[in-house]
Amino acid sequence: QGGDARADLIPRYVRVNALLWTVDKAVQYFISKGFEEHGNPLDSKSSIRRDEHISNLLLFHPSVSFRDEPMLASGKIILQDKASCFPATVLAPPAHDNAHVIDATAAPGNKTTLLSSIMKGQGKLYAFERDKRRFETLVKMLAKAHCSNVEPTNTDFLSVDPLGTTYSRVSHVLLDPSCSGSGIVNRLDHLLETEDENDTNDKEERLQKLAAFQLLMIKHAMKFPAVEKIVYSTCSVHATENEEVVCQALASDEARTGHFVLARRKDVLPTWQRRGLLEKMAGSIENADALVRCMPGEDHTNGFFVSCFVRDRGNSNEIR
Ligand code: SAM
């Protein structure tokens, strides 16, 4: 790992909740509180900047505290890392009354609230969360952010029947399942530790278990009959949970019968430079390029991975 992955090298990212506020009004508000819209927020405590990839995202100096900020309490702003905004942005669900979307693993709700705002509060967003306590947090966050089109359910996504009539029109699925969390900056020390052989074996076994679960979740999402787009993301830096899971998903019966392929780079944050690991994508430059990676310390974000499956009914589903 190159670069320095200290949390103080990651700006404080603030997402303006478009359901309640506009980014222009937010900038005006922060200027009235003494911030300036020039300079580099990593150097200057008074600088703010609009993000170049994510609309509605503002950058502040890492030391700026929002603990007592009334706009946080009112749901007008949400503290969300830039990379965590990528999956919903790539999924780009439609904003109309007939839109049906699933967030399969929703709590605490950062991505659900972003999806709801991209949908402009229209249509239906089914949000599943298996863990009871985390589900309660999700429900609170949805209320605070005024996400009126979200239907949260405390259940295991794997127990949801893809062929049930309720979900027969679901066209977009966001899948951000449990992962090792190895990209989260405060948890990065483990990457620097020298591990003995037993530790390494334990770690690999854990990653393999997570990967098997992640693959199961993608394959389940592929069974929904009207699904056209699935975004799979992790906050892991390990290929075992990222490129390797994607390759297994592409080779699965579900992908073959459903004609799922990877969306091309032009539809997956094309201007983001760091892409998937070529050596883990069977040497396919096109498929590696279709993936997005973030390296902590180098990209001013936490470590992250995003992939996007789409149905390509016109093509046989060879791994491209
Ligand atoms: N997308 C969330 C956000 O941006 O706030 C973070 C999701 S977190 C990485 C993964 C979540 O998935 C956890 O809350 C976990 O309890 C939940 N989860 C894991 N397996 C699940 C399953 N089979 N069905 C539903 N939720 C699940």
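To be clear, the structure that these remarks concern was listed above.
First, a word on scope: everything that follows refers to the structure included in this document. (Residues numbered from 1 in each chain as written. Predicted model: local features only at pLDDT ≥ 70, side-chain atom pairs only at ≥ 80, totals over all residues. Heavy atoms only, no water.)

So, the overall build of the protein chain
Logical step 1: Across its full length, the protein chain holds ten helices and twelve strands.
Logical step 2: In terms of overall size, the protein chain behaves like a compact globule, its C-alpha atoms giving a radius of gyration of 20 Å where 320 residues would be expected to give roughly 20 Å.
Logical step 3: Counting only C-alpha atoms, the protein chain reaches 55 × 50 × 40 Å along its principal axes.
Logical step 4: Burial status across the protein chain gives 52% buried among its 320 residues. (Helix = DSSP H or I, 4+ residues; strand = E, 2+ residues; numbered from the N terminus. Rg over C-alpha atoms; globule rule 2.2 N^0.38 Å. Buried < 20%, exposed > 50% of the residue type's maximum accessible area, 1.4 Å probe, protein only.)

Describing the site of the ligand
Logical step 1: Taken together, 20 residues form the shell around the ligand, and within it K111, E129, R134, D156 and D176 come nearest.
Logical step 2: T105 places a polar main-chain atom, nitrogen or oxygen, 3.3 Å from a nitrogen atom of the ligand.
Logical step 3: Backbone polar atom of P108 to an oxygen atom of the ligand: 3.4 Å apart, as the coordinates give it.
Logical step 4: Considering the ligand on its own, with 610 Å² of exposed area, one finds that the protein chains cover 92% of that surface.
Logical step 5: Taken together, the residues that form the shell around the ligand break down as eight nonpolar, five polar and seven charged. (Near = heavy atom within 4 Å. Polar contact = N/O pair within 3.5 Å; in protein donor to acceptor, adjacent residues only side chain to side chain. Areas by Shrake-Rupley, 256 points an atom, 1.4 Å probe, with all protein chains shown as cover. Nonpolar A, V, L, I, M, F, W, Y, C, P; charged D, E, K, R; others polar.)

A word on the environment of M141
Logical step 1: Tracing the sequence through the fold places M141 in helix α5 (residues 132-144).
Logical step 2: In this structure, the C-alpha to C-alpha distance between M141 and D289, residues 148 residues apart in sequence, is 34 Å.
Logical step 3: The contact partners of M141, leaving out residues within four places of it in the chain, are I78, P108, G109, N110 and T113. (Contact = heavy atoms within 4.5 Å.)

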